[in-house]
Every structure is written in C-alpha cells, then in structure tokens.
Amino acid sequence: MKKSLSMFTVSALLLTSLVGCAGGNEPQTTDANKSTSGNTNSTTKDKEKVKLSLIQFKVEITDKVKAMAADYMAQNPNVVIEAEVSKESATLLKTRFASGEEPDVFMVKAFTDIEDWSDRLADLSNEPWMSKVSPSAIEGMTVKGKKLGFPVAIEGYGFIYNKDLFAKAGIDKVPTTLTELKQVNEKLKAANISSYSEAYKEWWTLGQHLFNLPFAYEKAPVATIGKINKGEAKVNDIVNMNGFFDVLDMTVKYGKGEQSVGVSYDNQVADFSSGKTAMMQQGVWVIDSIIKINPNIKIGMFSIPLNDNASDTKMPVGVPGYYVVNKNSKNVEESKKFLNWLHQNGQKYLVDSFKLIPAFTDLKTTPDLGPLAADLTAYVEKNQTIPWAHTLWPSGSNQEFAKPLQAYVGGQMNKEAALAEVQNIWNARVKK
C-alpha cells in the first residue's frame, strides 16, 4: 500500500471505536526522611522528575506503547510516564477523576465523548502538529471552535477472512449482499469449515462495532440519531435493523451458537489466526495479533452487508480515539511536549511500530501495514465508507446495549424484547 492517506477525506462523521493500551511500572522512589547510604542526591533527583499519567484503551498495542514510553523517558530523563491500559477506560477515567487521581493524558472517542469531557480538556488548537491533522479527524474533536484532541489513527473494520479457507470452500469473491453472505456461509459449512468464533463476551464487539452498522447505513445518521434522542423516532425504525439481526443470527448459527457470549477477543483472534474459523468481525488494529500467531496466513477484509443492494455495502471508517490533555494537570506543558514528540516521531511509533494508519497528512502509510490496511484504503479510494455512528449515541450506552444483545444471542430474549430494552437504555441515557 504505497499511497498516502494524506488526502483522506471520508465523511465528517469519521468517528471513533474499540480497544486500548498500556501498562507501566511504578517508578522507584526514596523516602526523603530516610537515608540508607548518606547520599541524598538520588532522592532529590527523584523528586525533580515529572510524572505523567497516561490512560488509553488500545490493548492490542500495549507492549509497543510501553516501548514508546520507555524511549521517551530515555530521551527525557526528567520524565516518568506511568501508562495504564483498560478495556473499560471510560469507567476507569470516571473513577480516577472522582478520586482526585486525575491522569495528565488520556484517550477518548469522538463527538459525544469529546464533548462530555470538554470542560476538563486543554485547547490544543495552536499546537504545531494541528495543521497536519487529516481533515476527516477534525470535526470529531472540535467543541465550541476548540480543537481538543490528538488523533491516534484512522481505522476501519468488517469481516476479516482467510483466503485459503475461502478457496478451499470454492469461494472466489467476497460477498457484497446479504444473500451472498448467506451463500458464503453455506459453502464453508459444506466444506466442514466453521465460519465464525465471534467475541460476543466483549461489549464493544457486539454492542458497539456490529450494532453500529444499521445506524451508520442510515442515509442521514446524524439526523436519525437526533430524532431518536428527541423521541421522534425509535431504534426499531432504523431501516437496516432486520439486516443487522440477519447477520448476527448468521454469526451464531455458523459459529459457536449460544456459546458465543462466552468467547473473548483473545479466543476469537486465536481461533481465526490458527485456521479454526474462516471469518471474524474485527478491524485493521488486529493485524499484529494475527501475524504473531500465524505469520504466513493470507487474509483480507470486506465490508459487512445488511441488505441485498450491493451499492449500499460500505466499510465503517473513523478515528478510534484521541489523546487529550487534562487542563487541570500540573503538567500541561510537559503533556503537550510529549504529544509534539509523538507526532515528530509518528512514522516510527504510530505507523511502523503500532501499525496504525496515520491521521496526519505528513505521515505515510507503508506496505508493512499489511493487507487489512490495503483493503481499507481501497474502500476509502472508492468512497465506499460509512461513519462510526456509535459515537453519536448517548454517552455510555454502547456498553449497556451489549447486554440485551448478548441476551438475544444466548436465547434469553427475542428480537423485539432486545430492541425494547435498547430503547429503554437509550431513553434513560438521554435524560441523564
């Protein structure tokens, strides 16, 4: 993939999604009231160090973020970065702010999340790297004219597939309609190949990414979601909601059945990477995890159809998250310095190490980003993209939506009951 995404201008809705990233060791300090060697210089030096607390949610690059933080500390010996990772980063952030242990730098999603946190965020509009941010990443982090975020990447997701298993089943093209997807599953079944092992234990796989699709496929997602917020429309009015349940049913029927609610992200990736399944719903962020398990696997990614109109079938593309700076931190300037360094070294870390598609016009994609990034780029170049509409949902609702959908997968709820519960959650969240 030799082309740069510097002119990457998808919809203004290019938004955020899934999954998070790092862990660090507590720095060793010396009690100023004690002296074990009579030398107090080390104590003084430790006290002079700036401690930056960093929280983010991209767990798949945890080790690489640790390595990046170590490099920064080596170049800036006066700084200690305490990095923390959590799939439940939204909950962790609320806990940390409530306890007074506020992080200096943390990661949030676009639109709703950025707006929710905006009163606590430093304005980054005049930072030197801001002029290099891809146009598609601007709107999702702008509140009242202030640009509040550092976009980590541009990402997309769909069904990742094993090309060898598709060939073994006699499948010579990826499906572009719901009917074709059903045919693909039947061909795989006939070849004794399991189609899926979906990670429905994870709220974000089901309640965020997959459930995003019918909303994103709306002709006017912002307007539609606005109507639901005002009570002028309901969730089950979404045009492609039946198609969503058709796809969900297929992943269960041709996968692990009701046991899908117990499949974790790690299980899902391991099953796919080892050739036990032919497809999985994930995105470009998973490439490194796959290659670690099976470096010789031949894979691709296609968008998930929800109806039989092939021209409607597009790939969800957006910014997964933004680094933001706590404006009440004692280390605002040091935090800004860190982000500036990360941009200056973005080719090394964001692209070459993290394997992310850059959201900056001066950073370039490379063939090393792999086939998933190449397939994503093809959809972008053909303007076959839809937004990450879940970032427009009421704050915190994505985690709650997963519960009735998991109950549906597990056979405890029918479709009508699941959608009714989703609507109840939506109404309650809008009122908060």
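Heads up: the structure comes first, above all this text.
In this convention, every chain numbers its residues from 1, walking through the sequence in written order. Selection of residues for local features in this predicted model requires a pLDDT of at least 70, selection of side-chain atom pairs for listing and counting requires 80 or more, and totals for whole chains, interfaces and linings are taken over all residues. Hydrogens and water are ignored here; the side-chain numbers use all heavy atoms of the structure.

Draft legend 1. A look at empty space enclosed by the protein. Method remark: on a 1 Å grid restricted to protein atoms, a set of points is classed as a cavity if a 1.4 Å probe fits but cannot get out and as a pocket if it is open with protein on both sides within 12 Å along at least five of seven lines; lining residues have an atom within 4 Å of a point. Grid points are joined across faces, edges and corners, and a volume is the space filled by probe spheres set on the points. One pass over the full model with this rule turns up one cavity of 30 Å³ or more. Size it by volume and the largest cavity reaches roughly 30 Å³. Lining the largest cavity we find E60, I61, V284, W285, I287, F354, K355 and L356. Side-chain classes follow a simple rule in which Ala, Val, Leu, Ile, Met, Phe, Trp, Tyr, Cys and Pro form the nonpolar group, Asp, Glu, Lys and Arg form the charged group, and the remainder, Gly included, forms the polar group. Its residues placed into classes, the lining of the largest cavity shows six nonpolar, no polar and two charged.

Draft legend 2. Structural view of the sheet that holds strand β11 (residues 322–325). Pairing between two strands is assigned when DSSP locates at least 2 bridges connecting them. Numbering of helices and strands runs from the N terminus, with a helix taken as a DSSP run of H or I at least four residues long and a strand as a DSSP run of E at least two residues long. If you trace the five strands from one edge of the open sheet to the other, you get β2-β1-β3-β11-β6, paired in mixed fashion. Two strands close off the open sheet at either side, each with one partner strand: β2 (79–85) and β6 (150–151). Packing of helix α2 (residues 62–75) onto the sheet brings it into contact with β1 (50–56) and β2, and relative to β2 it is tilted by some 170 degrees. Any pair of residues with heavy atoms lying within 4.5 Å of one another is described as a contacting pair. Helix axes are fitted to C-alpha atoms over the stretch in contact, other axes to C-alpha atoms as well, and angles between N-to-C directions run from 0 to 180 degrees. Along the sheet, helix α12 (residues 332–344) contacts β1, β2, β3 (105–108), β6 and β11; its crossing angle with β11, the most-contacted strand, is approximately 155 degrees.

Draft legend 3. Region of interest: unusual backbone geometry. Backbone geometry places F111, a non-glycine residue, at a positive phi of 55 degrees. Here F111 shows up in the loop between β3 and α4 (112–117). For every residue, the accessible area (1.4 Å probe, protein chains only) is compared with the maximum for its type, and the residue is labelled buried under 20%, exposed over 50%, or partly exposed between those bounds. By relative accessible area, F111 is classed as buried at 16%. Non-glycine residue K144 carries a positive phi angle of around 50 degrees. With respect to the helices and strands, the residue K144 is situated in the loop between β4 (142–143) and β5 (146–147).

Draft legend 4. Examining the layout of surface pockets more closely. The computed volume of the largest pocket comes to approximately 620 Å³. Lining the largest pocket we find 35 residues, and of these A90, D113, S395, G396 and Q399 sit closest to its centre. Going through the elements one at a time, α3 (89–99), β3, α4, α7 (203–216) and α15 (397–409) are the ones with two or more residues in the lining of the largest pocket. At six residues, the largest contribution of residues to the lining of the largest pocket is made by α3. Of the residues assigned to the lining of the largest pocket, the class counts are 14 nonpolar, ten polar and eleven charged. Here the second largest pocket is characterised by a volume of approximately 300 Å³. If you go around the second largest pocket, you meet 14 residues; those closest to its centre are A216, Y217, E218, K219 and D312. Split into classes, the residues belonging to the lining of the second largest pocket amount to seven nonpolar, three polar and four charged.

Draft legend 5. Representation of the pattern of salt bridges in the model. Salt bridge criterion: a side-chain nitrogen from Lys or Arg within 4 Å of a carboxyl oxygen from Asp or Glu. The tally for this structure, following the rule as stated, stands at ten salt bridges. K58 serves as the salt-bridge partner of E60, at 2.7 Å between the closest nitrogen and oxygen. Here the two residues E60 and K58 agree in accessibility, since each one is buried. Note that R120 and E102 form a salt bridge whose closest N and O atoms lie 3.8 Å from each other. Linking R120 in the loop between α4 and β4 with E102 in the loop between α3 and β3, this pair joins segments that are 18 residues apart in sequence. Look at R120 and you get partly exposed, because its relative accessible area is 34%. Residue classification places E102 among the partly exposed residues on the basis of a relative accessible area of 29%.

Draft legend 6. Geometry of the pairing of strand β8 (residues 279–283). Across the five residues of β8, five count as buried, placing the element largely inside the fold. Residue alternation in β8 divides its side chains into two sets, M279, Q281 and G283 and M280 and Q282, and both sets are buried. When strand β7 (residues 155–162) meets β8, the two strands line up antiparallel, connected through five bridges. Bridge pairing links G158 to Q282 in β8.

Draft legend 7. Structural detail: helix α10 (residues 265–273). Looking at α10, one finds that the buried residues are Y265, Q268, V269, D271, F272 and S273. Its buried side turned inward, α10 meets β7, α7, β8, α11 (287–293) and β9 (299–302). Positive backbone phi, at 85 degrees, marks G275, one or two positions downstream of α10.

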